[in-house]
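Below, each chain spelled out in residue letters.
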Amino acid sequence: MAPQRHGRNKVTARSKKASVKKTHPGLPAEKALGLVDVFLFLADARIPLTSVKLAEPYLRKRRRIYVLTKPDLADPKMTAGWVEFFASRGNPSFAVDCKRGGGVARLLRHLRSMKAEIDAKKPAVLLHRPLRIMLFGPPNVGKSSLANRLLGTTKAPFGAKPGLTRSSNWLKGRGFLEILDTPGVVDTSLVKGEAQMKLAAAWAIPDNRYDAADVAYYLAAKIAPQGHEPEEYLEEWGAAKGLLSEGGLVDLKRTYRTFIHEFREGLLGRLTLESPDEGQIGEGPGDTGKESVIETNNTKRRGE
Ligand SMILES: Nc1nc2c(ncn2[C@@H]2O[C@H](COP(=O)(O)OP(=O)(O)OP(=O)(O)O)[C@@H](O)[C@H]2O)c(=O)[nH]1
Ligand SMILES: [Mg+2]
């Protein structure tokens, strides 16, 4: 009897692994990953830890560079802290405004020096191969925008909507790079709890997959001055904006949606939802710890 049970457990472990892979249909096959010289992990500067934890299970232990996107919307001190945090764990780390281009030149310089380093180890006939990089990260984080910036093109479709890029595409331009642009990291319906609130706030989750009231309350609890309940704060905020329904009461639905929209646009200030002090990440290079933000029947969030 015992060997049979053991056998079943093994199958279950294999199918669990397979089911995680299936949730990201856009990730290229192992063979294509083998062509990649370096992986750029894109993390939204407002939620770096959640972004990285979401991506990590797919590309564990790969040589990577961290790119904190949307730094123009995040608290600059926190962003500097996060760059330092990832760098102190042995990974090059950059903040890049992929919309306006700030920080792209520094990242390009780093990639050029990386190519020179790799070329120095190759036979002369292979020297002209471009550096191949893959962009990876949550939906809507700025992967396609960064691809365009790095290549100096507009070949990769981009836009303010999670899930725009549907499949992985190699992009070439002038210059020394070939870039594999990929779809957003995961079926975010698997993400639950606080991670879901953060990803929804940053718009990595489509609008039909979260409750606007929950996300607005979550953000209000972070933003409201001390002593203000989120509910009361949101009502006052909606009233001040003139978001009223026909009867003159605050239109709460519109208030929630507008509040979230203004957070996303940086209109509530430059806000970061995760501090480097709370970074529960392992010590080794690229080691982002074992705790996942993806909750399946087999993994429960800590403390629940
Ligand atoms: N403010 C700001 N907006 C950015 C930045 N980078 C990208 N965006 C915007 O974010 C939105 C998403 O950009 P994309 O490049 O399409 O993001 P993506 O990661 O390719 O998205 P998917 O393909 O849907 O996974 C677009 O509206 C961009 O203009 C940035 O650094 N700052
Ligand atoms: Mg894209």
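Look above for the structure.
Report follows, based on the coordinates. (Residues numbered from 1 in each chain as written. Chains lettered and ligands numbered in written order. Predicted model: local features only at pLDDT ≥ 70, side-chain atom pairs only at ≥ 80, totals over all residues.)

### Quick word on the pairing of strand E5 (residues 169-172)
So, step 1. As defined by bridge partners, E5 adjoins strand E6 (residues 177-181) across four bridges and the pair is classed as antiparallel. Opposite Lys172, over in E6, you have Glu178 as the bridge partner. (Pairing = 2+ DSSP bridges. Helix = DSSP H or I, 4+ residues; strand = E, 2+ residues; numbered from the N terminus.)

### Digging into the pairing of strand E1 (residues 38-44)
So, step 1. Among the seven residues in E1, six count as buried, and that is most of the element.
So, step 2. Of the strand pairs in this sheet, E1 and strand E4 (residues 131-136) are connected by four bridges, and their pairing is parallel. Counterpart to Leu40 in the pairing with E4 is Leu135.
So, step 3. Bridge analysis of E1 against strand E2 (residues 64-69) gives six bridges, and the strand direction is parallel. (Buried ≥ 20, exposed ≤ 12 C-beta atoms within 10 Å, placed from the backbone.)

### Some words on helix H8 (residues 212-223)
So, step 1. In this model H8 runs 16 Å from its N-terminal to its C-terminal C-alpha over 12 residues, within 8% of the 16 Å that 1.5 Å per residue would give.
So, step 2. Residues Val215, Ala216, Tyr217, Tyr218, Leu219 and Ala220 constitute the buried set of H8.
So, step 3. Where the residues of H8 are buried, they touch helix H7 (193-201), helix H9 (230-240) and helix H10 (252-264). (Expected span 1.5 Å × (residues − 1). Contact = placed C-beta atoms within 7 Å.)

### A closer look at the site of ligand 1
So, step 1. Around ligand 1, 23 residues are found, and the nearest of them are Cys98, Gly142, Ser145, Phe158 and Thr165.
So, step 2. Among the elements that make up the shell around ligand 1, the one with the highest residue count is helix H6 (residues 143-151) (three residues). (Near = placed C-beta within 6 Å.)

Distances and angles like these do not, on their own, reveal function.
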